[in-house]
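Residue-level listing of the chains:
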Amino acid sequence: MIYDNISINNEGALTFANQDVIGLAKKYGTPLYLLDENKIRENCRKYVDAMKANFGDNYAVLYASKANSFKKIYNIVESEGMCADVVSVGEIYTALKAGFSLSKAYFHSNNKTDFDVEFAIENGVGHFVVDNREELEVINKFAAQKGIKQKILLRLTPGIDTHTYEAVNTGKVDSKFGTAIETGQAEEIVKYTLGFENIDLCGFHCHIGSMVFDSDTFIRGAEIMIEFMSLMKQKFGFITRELNLGGGYGVRYVESDPTIDIGANISQVANFIKDLCAKYELNVPMILMEPGRSIVADAGMTLYTVGTVKRITGYKNYVSVDGGMSDNPRYALYESEYTLFNASKINNAATLKCDVVGRCCESGDIIQPNVLLPETERGDILAVCTTGAYNFSMAMNYNRIARPPVVILKDGDSYVAVRRETLEDIIRNDI
Ligand SMILES: *Cc1c(COP(=O)(O)O)cnc(C)c1O
């Protein structure tokens, strides 16, 4: 199977985290998001162990919580020794209410409102990852009011094209995120930042892209950033204490996707960083990484119940499920691939070529086109693999469809971490 937490047991049933998925669908209803807690922890440890082995205590691994944000996940990652990256006051509030220590949070976003900045400072968010000049002025103002020096990193764009899909490619010079090194604007913003009394510039951040499977991308990013660190030391005597290389290691959505040894990759990147810092006579700064997808994606599976099976003779077949782009918009957004199973017919030959589609009033509401399934009928349970990242966090109420619950599987038990939305939830804010 595509991941080691998916298998078929001795009774011939499809299991996820060693639990019978049809039993889970019966118990909790569908659509249903499942999350394998042990897999999340295993993924956290890959990063934490590799960073510790290479950088001693001079590292931090931030869970990029936009991949999947709800209260319980902050407790899980915190207990694994991780910090978090947050991108909105909604994520900050969720972490706060979970009891997560906000001093370990890094606040991203290319457009933080005055309210966002004040809220984050009032609640003791550890670092801001500053995107632009306007933001610096606002941070300085609220930090001065509170009488503190706010720690920040500056987000820079190293100008790398990762050849990944355009919409998830963020390290290029013309990106909406960060300040470009190539144009000289990064240097200007460093100078400008150093002039603020209530801002403590700790270092720099870059995030090159997503679905990265090689170490070249991070090495190239690190090279440009370390050269920049050296330049800032020469120009302004500025010593970089923190260097955040962003997130982005890839995961397997389909069998043909490559696998990646994250630990080995981090070691390669670490060796490169240490050598280059030595060459430039720089102390190795604290190194930060901020993975999202590779922490939670393969810990997730979504279950649906099949409604209609439409066969348009001579054209195509449609299998419609009880969810859709409202719980998984990734095919609609990025044409993302997925691996699907019919859990109810798991031992039958796959002979039905079909598009698996949702129930939203939108032709683009496709979970996955051109899937090969066994002959499928109403009532069957379909499993979509690798949905732990950017599914629940991107879910919406289009067509006033209630969002599914998140159920966590751990050591043979299961519990609801986010309950299913009810019809009352749908009208909760309507006057
Ligand atoms: C999205 C994002 C991440 C996480 O990326 P993944 O591909 O989920 O690992 C990390 N840092 C920043 C700034 C991001 O925008």
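Position numbers for residues start from 1 in each chain and track the written sequence from start to end. Predicted model: local features are reported for residues with pLDDT of at least 70 only, side-chain atom pairs are reported and counted for 80 or more only, and whole-chain, interface and lining totals are derived from all residues. To obtain the side-chain values, all non-hydrogen atoms of the structure were used and water was disregarded.

**Overview of the overall build of the protein**
Strands are runs of DSSP state E lasting at least 2 residues, helices are runs of H or I lasting at least 4, and numbering of each runs from the N terminus. On a plain count of helices and strands, the protein comes out with twelve helices and 21 strands. A compact globule built from 431 residues should have a C-alpha radius of gyration of about 22 Å, and the protein, at 23 Å, falls within 12% of that. Here the C-alpha coordinates of the protein stretch approximately 70 × 55 × 45 Å along the principal axes. Taking all 431 residues of the protein together, 58% fall into the buried category. Here, residues are in contact when the closest pair of their heavy atoms is within 4.5 Å. Partitioning the intrachain contacts of the protein with sequence separation of at least 6 by distance along the chain shows that 69% fall at a separation of at least 24. For accessible areas, the Shrake-Rupley method is used with a probe of radius 1.4 Å. Any residue's cover is judged against the shown protein chains and nothing else. Total accessible area computed for the protein in this model is approximately 18,300 Å², and 48% of it derives from carbon and sulfur atoms. Counting 44 positive and 56 negative side-chain charges, the protein places the averaged centre of each group 3 Å from the other. Here the globule rule is a power law, 2.2 Å times the number of residues to the power 0.38, and the radius of gyration is based on C-alpha atoms. The classification of residues rests on relative accessible area computed with a 1.4 Å probe and restricted to protein chains. Under 20% of the type maximum is buried, over 50% is exposed, and intermediate values are partly exposed. Here the positive residues are Lys and Arg and the negative ones are Asp and Glu; neither His nor the chain ends is included. All charge positions are set by atom: Lys at NZ, Arg at CZ, Asp at CG, Glu at CD.

**Structural notes on the sheet that holds strand β3 (residues 19–20)**
One requirement defines pairing of two strands: DSSP has to find at least two bridges between them. Sheet architecture is open: three strands sit in the order β1-β2-β3, paired in antiparallel fashion. With one partner strand each, in any of the chains shown, β1 (6–8) and β3 form the two edges of the open sheet. Sheet topology places strand β2 (residues 14–16) next to β3; two bridges connect them, and they run antiparallel. By the bridge assignment for β3, T15 is matched with D20.

**Focus on the site of the ligand**
Near the ligand, the surroundings consist of 15 residues, among which K66, S210, E290, R293 and Y390 are the closest. Within the contact set of the ligand, an oxygen atom lies 2.5 Å away from a side-chain nitrogen or oxygen of S210. Polar contact criterion, stated in full: a pair of N or O atoms within 3.5 Å, where within protein one must be able to donate a hydrogen and the other to accept it, and residues adjacent in sequence count only if both atoms are side-chain atoms. Residue Y390 places a side-chain N or O atom 2.5 Å away from an oxygen atom belonging to the ligand. Considered on its own, the ligand offers 380 Å² of accessible surface; in the complex 93% of this is hidden by protein. Near, as used in this document, describes a residue that has one of its heavy atoms within 4 Å of the molecule or strand being considered.

**Examining the domain arrangement of the protein**
Domain boundaries shown here were taken from an automatic or database domain assignment. Split into domains, the protein comes out as domain 1 (6–36 + 297–427) and domain 2 (108–291). One C-alpha centre belongs to domain 1, the other to domain 2; they are set 36 Å apart. At the interface, eight residues of domain 1 touch eight residues of domain 2. It is Y334, E337 and T386 in domain 1 that bury the most area against domain 2; as a group they hold 55% of the surface buried on that side. Our count for the domain 1 to domain 2 interface comes out at two residue pairs in polar contact (both at pLDDT 80 or more). In terms of residue class, the side of domain 1 that touches domain 2 is made up of four nonpolar, two polar and two charged. Accessible area that two parts lose when put together, evaluated with a 1.4 Å probe and summed over both, is termed the buried area. In this classification, the charged set is Asp, Glu, Lys and Arg, the nonpolar set is Ala, Val, Leu, Ile, Met, Phe, Trp, Tyr, Cys and Pro, and all remaining amino acids, among them Gly, are polar.

**Section: the pairing of strand β14 (residues 300–311)**
Both strand β4 (residues 32–36) and β14 contribute to a ladder of four bridges, which runs antiparallel. From the neighbouring strand, L32 faces β14, where its bridge partner is L303. Sheet topology note: the β14/strand β19 (residues 381–385) ladder contains five bridges and is antiparallel. By the bridge assignment for β19, M301 is matched with C385.

**Let's talk about the pairing of strand β6 (residues 83–86)**
Alternating positions in β6 separate into two faces, C83 and D85 on one and A84 and V86 on the other, with burial throughout. Taken together, the three bridges between strand β5 (residues 59–64) and β6 define a ladder with parallel strand orientation. Its bridge partner lying in β6, A64 is registered against D85. Crossovers are marked right-handed if the path from the first strand over the helix to the second runs clockwise, as seen with the strands pointing away from the viewer. After leaving β5, the chain enters helix α3 (residues 71–79) and then returns to the sheet as β6, a path that is right-handed. For the crossover from β6 across helix α4 (residues 89–97) to strand β7 (residues 105–107), the handedness is right-handed.

**Thoughts on the packing of aromatic side chains**
Each pair of aromatic rings taken from Phe, Tyr and Trp, with Trp reduced to its six-membered ring, is defined by centres within 6.5 Å and is described as stacked if the planes are under 30 degrees apart, edge-to-face if over 60, and tilted in the remaining cases. Under the definition given, this model contains eleven aromatic pairs. Ring geometry for Y33 against F392: centres 5.7 Å apart, planes inclined by 75 degrees, an arrangement best described as edge-to-face. Linking Y33 in strand β4 with F392 in the loop between β19 and β20 (406–410), this pair joins segments that are 359 residues apart in sequence. For the pair Y33 and F392, one class covers both residues: buried. When the centroid spacing of 5.5 Å and the interplanar angle of 55 degrees are considered together, the rings of F107 and F128 count as tilted.

**Focus on the side chain of D257**
Relative to the assigned elements, D257 resides in the loop between β12 (242–244) and α9 (262–279). Here, a salt bridge means any side-chain nitrogen of Lys or Arg that lies within 4 Å of a carboxyl oxygen of Asp or Glu. It is R252 that comes nearest to the buried, bridge-free D257 among opposite-charge side chains, at 6.3 Å. For D257, the side chain forms a polar contact with the main-chain nitrogen of Y253, separated by 2.8 Å. Setting aside residues up to four positions removed in sequence, D257 forms contacts with V251 and R252.

**Notes on the pattern of salt bridges**
Scanning the model with the defined rule gives 21 salt bridges in all. Salt bridges sharing common partners tie together E37, R41, R45 and E80.

**Concerning helix α6 (residues 133–146)**
In this analysis, the expected span of each helix is defined as 1.5 Å times one less than the number of residues it contains. With 14 residues, α6 extends 20 Å from end C-alpha to end C-alpha; this agrees with the ideal 20 Å at 1.5 Å per step. Residues of α6 that are buried include every one of E135, L136, V138, I139, N140, F142 and A143, and no others. Where the residues of α6 are buried, they touch α5 (114–122), β8 (127–130), β9 (150–157), α7 (185–194) and β11 (199–205). G147 sits one or two positions beyond α6 and adopts a positive phi of about 70 degrees.

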